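Structural overview
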Amino acid sequence: MTPFLLTDVLQEKLLQAARAARSRAYAPYSRFRVGAAVLDEEGRIHAGCNVENAAYPQGVCAEAGALSAMVLAGGSRVKAVLVAGATAGASWTTPCGGCRQKLREFCAPETPILTASDEALGPAYTLAQLLPESFGPDHLNMP
Ligand code: THU
């Protein structure tokens, strides 16, 4: 399979979408706003923001919202992810453990996961770096 190459144009679109989503976050409890954007196999971008809840465990992460939007639109593969969080420098916002597993469902091991703040781009990882030796659909003999 030809490796997927994220162009500067698509990366910029992901960045804008994730930052715009971040600005819509509902995070009155943590005040930690997160936006996420995923690029699907058709080149479409889907975004989500975190939506917290007074019953704290019911809060939903930005990545989950972006994946939900992708599935709703008929997308089935994630080609790239960008997470925009509040912090830069030593503590860029990377997907939480649960979201890494949610992304695993739709990503390849080499899928890029980029980080950013409102001001700058942070480090980039692959899914396999963030979730090594992971369990996924292939273990259940899914194509
Ligand atoms: N959060 C996300 O939405 N995505 C991440 O990658 C990390 C954490 C949210 C969950 C919660 O609403 C807030 O950030 C603080 O944990």
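**Let's talk about the overall build of the chain**
For the chain, the helix and strand inventory stands at 4 helices and 5 strands. Secondary structure elements of the chain occur, N-terminal to C-terminal, as α-β-β-α-β-α-β-β-α. On C-alpha atoms alone, the chain measures out to a radius of gyration of 14 Å, which is about the 15 Å that the 2.2 N^0.38 rule sets for 143 residues. Taking the principal axes of the C-alpha coordinates as reference, the chain spans close to 40 × 35 × 30 Å. Counting across all 143 residues of the chain, residues that qualify as buried make up 41%.

**Re helix α3 (residues 97-104)**
The set of residues buried in α3 consists of Cys99, Arg100, Leu103 and Arg104. The arc that holds every buried residue of α3, seen down its axis, measures 150°, which confines them to one face. The elements touched by buried residues of α3 are α2 (62-72), β3 (78-84), β4 (112-116) and α4 (127-130).

**Observations concerning the site of the ligand**
Taken together, the neighbourhood of the ligand is formed by Ser30, Phe32, Val34, Asn50, Glu52, Cys61, Ala62, Glu63, Thr93, Thr94, Pro95 and Cys96. Relative to its free-state accessible area of 370 Å², the ligand is covered by the protein chains to the extent of 77%. Looking at the shell around the ligand residue by residue, the classes come out as 6 nonpolar, 4 polar and 2 charged.

**What to know about the environment of Ala20**
Within the fold, Ala20 resides in helix α1 (residues 8-23). Between the alpha carbons of Ala20 and Ala73 there is a distance of 19 Å; along the sequence they are 53 residues apart.

**A few points about the pattern of salt bridges**
All told, the structure shown has 4 salt bridges when counted by the stated rule. The shortest N-O distance in the salt bridge between Asp40 and Arg44 comes to 2.8 Å. For Glu42, the salt bridge goes to Arg44, with nearest N and O atoms at 3.7 Å. Its relative accessible area of 27% is what places Arg44 among the partly exposed residues. Connected through shared salt-bridge partners, Asp40, Glu42 and Arg44 make up one network.

**Some thoughts on the packing of aromatic side chains**
According to the stated counting rule, one finds 1 aromatic pair in the structure shown. Arranged with centres 5.4 Å apart and planes meeting at 45°, the rings of Tyr29 and Tyr56 form a pair that is tilted. One end of the pair, Tyr29, is in the loop between α1 and β1 (35-40); the other, Tyr56, is in the loop between β2 (45-49) and α2, with 27 residues separating them in the sequence.

**A look at the state of the cysteines**
In a disulfide, the sulfur atoms of two cysteines are covalently bonded to one another. Under the definition given, this model contains 0 disulfides. In this structure Cys96 is not part of a disulfide, and its nearest cysteine sulfur, from Cys99, lies 3.8 Å away. Classification of Cys96 by relative accessible area gives partly exposed; the value is 36%.

About the criteria used
- Residues numbered from 1 in each chain as written.
- Predicted model: local features only at pLDDT ≥ 70, side-chain atom pairs only at ≥ 80, totals over all residues.
- Heavy atoms only, no water.
- Helix = DSSP H or I, 4+ residues; strand = E, 2+ residues; numbered from the N terminus.
- Rg over C-alpha atoms; globule rule 2.2 N^0.38 Å.
- Buried < 20%, exposed > 50% of the residue type's maximum accessible area, 1.4 Å probe, protein only.
- Arc of directions from axis to C-beta.
- Contact = heavy atoms within 4.5 Å.
- Near = heavy atom within 4 Å.
- Areas by Shrake-Rupley, 256 points an atom, 1.4 Å probe, with all protein chains shown as cover.
- Nonpolar A, V, L, I, M, F, W, Y, C, P; charged D, E, K, R; others polar.
- Salt bridge = Lys/Arg side-chain N within 4 Å of Asp/Glu carboxyl O.
- Phe/Tyr/Trp six-rings, centres within 6.5 Å; stacked < 30°, edge-to-face > 60°.
- Disulfide = S-S within 2.5 Å.

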